[in-house]
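Chain residues, written in single-letter form:
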Amino acid sequence: MDRNIAVLAGTGEISLSYARGLSNALGLEMYSVESKVFPDGESYIRLPEIKEGNVIYIQNLDPPQDKRIWEMLLSLDKLRSTGYHVILVTPYLAYSRQDKEFLKGEAISVALLLQLIRSLGAYEFYTIEVHQMNSLKFFTGRALSLDPYPYMAGVLSDKLPHPSEVLVLSPDIGAIDRARRFADAFGSEFDYIVKRRDRFTGEIYMEPKGIPVRGRSVVIVDDIISTGGTVAKAARMLLEQGAYNVYAVATHGVFAGNAVEKLKSGGIKGIYVGDTLPGRDGVVQVELHPMVAREFSWAKELS
Ligand code: R5P
């Protein structure tokens, strides 16, 4: 192989799976970072000998996130000091929700993380559906957040009801662009959910802004499902308002604690997420590495 670019799998099963996917799709040599844990819990990292000078380094930041981040920083530093030209691909960017000082004194985790990655020599950065696009400004180089919803809409076309029966909803107005991207590709209507408080009982109600859900199948689209609270509450209310079925689609399925049970007991009929985090029983994962590989089709052309 005379192309001067290779794929390097970072630590963890998900990094390995994306690296394999890219290596196969692009016909590039694949290497893996060697890692182990010392008896005292500290991390050990060793780079393989990579013949090519350019490296697409895949390091996902799934749990344990702090350990993965440290392994990534060690690897980036070693890649830089050995003289490699590095493109970093991090399908799930941990800490992306801590993107500003919500309370005075809070650390802006995603800012530090992206600044560290850049300062350790990564010259391009790719992730999938970052929580806030604005966060990418902290990486002072070419940074891309890949939009998975058109791809997921295609894969899910035989798992969800017919587009004409579906109403795609975002859980709030701030996320309506996600619903729009999914709906446009799926061929359905979209809207967002508004929350209102009953002035007498104080209870919170959630309902679509303009389009009634009665008799419709609803697909709630979000970037992350963490505790499941947002989607479960919305599903319960939409079903009370006469929705026929409610499905959840998200890029990143964190599923903290009993999130899956919470979603099921909220009446969700199907849960579909990307494969950026570990899978769970009762959840269908969509493999996103083919979509990532498409971004690197130029590497296939090099010779
Ligand atoms: C919020 O800004 C995010 O887009 C998600 O809606 C949120 O992180 C979901 O969290 P949970 O599943 O814990 O309600």
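Criteria and thresholds
- Every chain is numbered on its own, with residues counted from 1 as its sequence reads.
- Confidence filtering applies because this is a predicted model: local features only for residues at pLDDT of at least 70, side-chain atom pairs given and counted only at 80 or more, and all residues used for totals across whole chains, interfaces and linings.
- Here the side-chain values reflect all heavy atoms present in the structure, with hydrogen atoms and water set aside.
- When DSSP finds two or more bridges between two strands, those strands count as paired.
- Numbered from the N terminus, helices here are DSSP runs of H or I no shorter than four residues, and strands are runs of E no shorter than two.
- Domain limits in this description derive from either an automatic procedure or a database domain assignment.
- Whether two residues are in contact is decided by their heavy atoms, any of which lying within 4.5 Å being enough.
- The term buried area denotes the loss of accessible surface (1.4 Å probe radius) that occurs when two parts are joined, taken as the sum for both partners.
- A pairing counts as a salt bridge when a side-chain nitrogen of Lys or Arg comes within 4 Å of a carboxyl oxygen of Asp or Glu.
- For this analysis, a nonpolar core means a set of buried residues of the types Ala, Val, Leu, Ile, Met, Phe, Trp, Tyr and Cys, connected via side-chain atoms within 4.5 Å.
- Buried, partly exposed and exposed residues are distinguished by accessible area as a fraction of the type maximum, computed with a 1.4 Å probe on protein chains only: under 20%, between the cut-offs, and over 50%, respectively.
- For this description, a residue counts as near a given molecule or strand if any of its non-hydrogen atoms is within 4 Å of it.
- Pairing of N or O atoms within 3.5 Å defines a polar contact, subject to two protein rules: one partner must be a possible hydrogen donor and the other a possible acceptor, and residues neighboring in sequence count only if both atoms are side-chain atoms.
- Exposure was quantified through the Shrake-Rupley algorithm and a 1.4 Å probe, taking into account, for residues, occlusion by the shown protein chains and nothing else.
- Any helix carries an expected span of 1.5 Å times its number of residues minus one.

A.B. asks: Hey, could you go over the pairing of strand β11 (residues 204-208) for me, with residue numbers and the actual values?
C.D. replies: Pairing geometry for strand β10 (residues 189-197) and β11, over five bridges, is antiparallel. Looking at the pairing, Arg-196 lines up with Tyr-205 of β11. Linkage of β10 to β11, two consecutive antiparallel strands, is achieved through a turn of six residues, within which Gly-202 is found at a positive phi near 80°.

A.B. asks: Pulling in residues and values, what's your account of the domain arrangement of the protein?
C.D. replies: Taken domain by domain, the protein holds domain 1 (5-147 + 289-302) and domain 2 (150-286). If you average the C-alpha positions of domain 1 and of domain 2, the two centres end up 29 Å apart. Taken together, the contact between domain 1 and domain 2 spans 16 residues of the former and 14 residues of the latter. Here domain 1 packs against domain 2, burying approximately 1400 Å² in sum over the two surfaces, 54% of which is carbon and sulfur. Three residues stand out in domain 1 for area buried against domain 2, namely Tyr-92, Glu-129 and Asp-147, and they jointly supply 41% of the buried area on that side. Summed over the shared surface of domain 1 and domain 2, the result is three salt bridges.

A.B. asks: Explain the nonpolar core to me, using residue names and the numbers behind them.
C.D. replies: Leu-22, Phe-182, Val-292 and Phe-296 are the most contacted members of the largest nonpolar core, which has 42 residues in total. Broken down by element, this core gets its largest block of residues, six residues, from helix α1 (residues 13-26). Ala-6, Leu-79, Leu-93 and Ala-94 belong to the second largest nonpolar core, which has 34 residues in total.

A.B. asks: Explain the site of the ligand to me, and be specific about the residues and the numbers.
C.D. replies: Near the ligand, the surroundings consist of Arg-97, His-131, Asp-222, Asp-223, Ile-224, Ile-225, Ser-226, Thr-227, Gly-228, Gly-229 and Thr-230. The side chain of Thr-227 places a nitrogen or oxygen atom 2.6 Å from an oxygen atom of the ligand. Notes on the ligand: free accessible area 380 Å², of which the protein chains cover 77%. Sorting the residues of the shell around the ligand by element identifies β12 (217-225) and α6 (229-240) as the ones contributing at least two each. With four residues, the single largest contributor to the shell around the ligand is β12.

A.B. asks: So what's going on with the side chain of Thr-90? Residues and values would help.
C.D. replies: Within the fold, Thr-90 resides in strand β6 (residues 85-90). Owing to a relative accessible area of 0%, Thr-90 belongs among the buried residues under this scheme. Other than its neighbours up to four places away in sequence, Thr-90 contacts Gln-59, Asn-60, Leu-61, Met-72, Phe-125, Tyr-126, Thr-127 and Ile-128.

A.B. asks: I'd like a description of helix α2 (residues 65-82), backed by residues and values.
C.D. replies: It helps to recall that an α-helix has 3.6 residues per turn; residues three or four apart then point in one direction. Across its 18 residues, α2 extends 25 Å between first and last C-alpha, which sits within 8% of the 26 Å expected from 1.5 Å per residue. The complete set of buried residues in α2 reads Arg-68, Ile-69, Glu-71, Met-72, Leu-73, Ser-75, Leu-76 and Leu-79. Tucked into the core, α2 has its buried residues touching β1 (5-9), β4 (43-46), β5 (54-58), β6, α3 (109-119) and β7 (122-128). Note on α2: the residue one or two positions beyond its end, Gly-83, has a positive phi of about 100°.

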